[in-house]
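Residue strings, one per chain:
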Amino acid sequence: MAENISQRYELRLRAHPRILADIRRAVGARLRLWGREELISAAGMCVTELLSNVHKHAASPECVLTLENLPHGIHAAVSDTESALPVVKEPDFLSESGRGMFLLSKTAHDWGTDLTPTGKTVWFTLHAESVEP
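Below: a short report on this structure. Please read all numbers here as calculations on a predicted model, not as lab measurements.

This brings us to the environment of glycine 44. Here glycine 44 is to be found in helix 2 (residues 40-57). Note: C-alpha distance between glycine 44 and glycine 28 (16 residues apart in sequence) is 7.2 Å.

Counting across every chain of the model gives five salt bridges. Close ionic contact of arginine 14 with glutamate 62 constitutes a salt bridge, the shortest N to O distance being 2.3 Å. Residue arginine 14 is located in strand 1 (residues 8-14), and its partner glutamate 62 is located in strand 2 (residues 62-70); the two are separated by 48 residues in the primary sequence. Here glutamate 62 falls in the partly exposed class, since its relative accessible area comes to 36%. As a salt-bridge pair, aspartate 22 and arginine 25 come within 2.3 Å of each other at their nearest N and O atoms.

Buried residues of helix 3 (residues 100-107): Gly100, Met101, Phe102 and Leu104, and no others. Elements that come into contact with the buried residues of helix 3 comprise helix 2, strand 4 (110-116) and strand 5 (119-127).

Here we take up helix 1 (residues 20-33). Residue pairs spaced three or four apart in an α-helix point in one direction, given the helix's 3.6 residues per turn. Its 14 residues place the ends of helix 1 20 Å apart at the C-alpha level, agreeing with the 20 Å of an ideal helix rising 1.5 Å per residue. Taken together, the buried residues of helix 1 touch strand 1, helix 2, strand 2 and strand 3 (73-80). Once helix 1 finishes, glycine 35 follows within two positions and takes phi at roughly 75°, a positive value.

Cut-offs applied
- The residue count restarts for each chain, going from 1 along the sequence in the order it is written.
- At least 70 in pLDDT is required for a residue's local features to be given in this predicted model, at least 80 for side-chain atom pairs to be given and counted, and no such filter applies to totals for whole chains, interfaces and linings, which use all residues.
- Side-chain descriptors were evaluated using all non-hydrogen atoms of the structure, hydrogens and water having been removed beforehand.
- Numbering of helices and strands starts at the N terminus; helices are DSSP runs of H or I of at least 4 residues and strands are runs of E of at least 2.
- Salt bridges are defined by distance alone: a side-chain nitrogen of Lys or Arg within 4 Å of a carboxyl oxygen of Asp or Glu.
- Summary of the burial criterion: residues with accessible area below 20% of their type's maximum are buried, those above 50% are exposed, and those between are partly exposed, where the area comes from a 1.4 Å probe applied to protein chains only.
- Between two residues, a contact is recorded if the distance between any of their heavy atoms is within 4.5 Å.
- Helices are assigned an expected span. That span is 1.5 Å times one less than the residue count.

This is a description of form; function is not addressed.
Structure representation (structure tokens):
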């Protein structure tokens with residue numbers, strides 16, 4: 001039965017703080033379906049950060065969230081219409097903002113950005129602690 005479950009999930013949305021809890025629940029549900037429960041907390045934090053950045057920094061809130069189940073973990077990406085790339089800076093822990101990409105860079109196994117013809121994609125991978133066949 002598991003072989004019928006799609007290993008890719010795509011969600012088109014408008015990034016806004018009001019929807020972040022719903023998106024975290026959707027990400028958690030997909031990861032549970034894939035048997036990746038141990039990655040739910042980290043994936044939720046990283047996806048929230050990427051969507052928050054779209055809301056704060058992109059001219060348009062329109063974006064696409066993509067999740068992929070991989071043999072070693074998951075790959076997640078958020079594509080938007082902004083060509084400006086995110087910046088990781090040493091955080092001021094007394095500040096109310098500016099820590100997100102730093103936390104993502106310390107949480108994800110790998111992350112990066114790709115410019116696209118319509119903007120950019122920011123992606124990250126999380127590795128599972130145990131890789132099941």
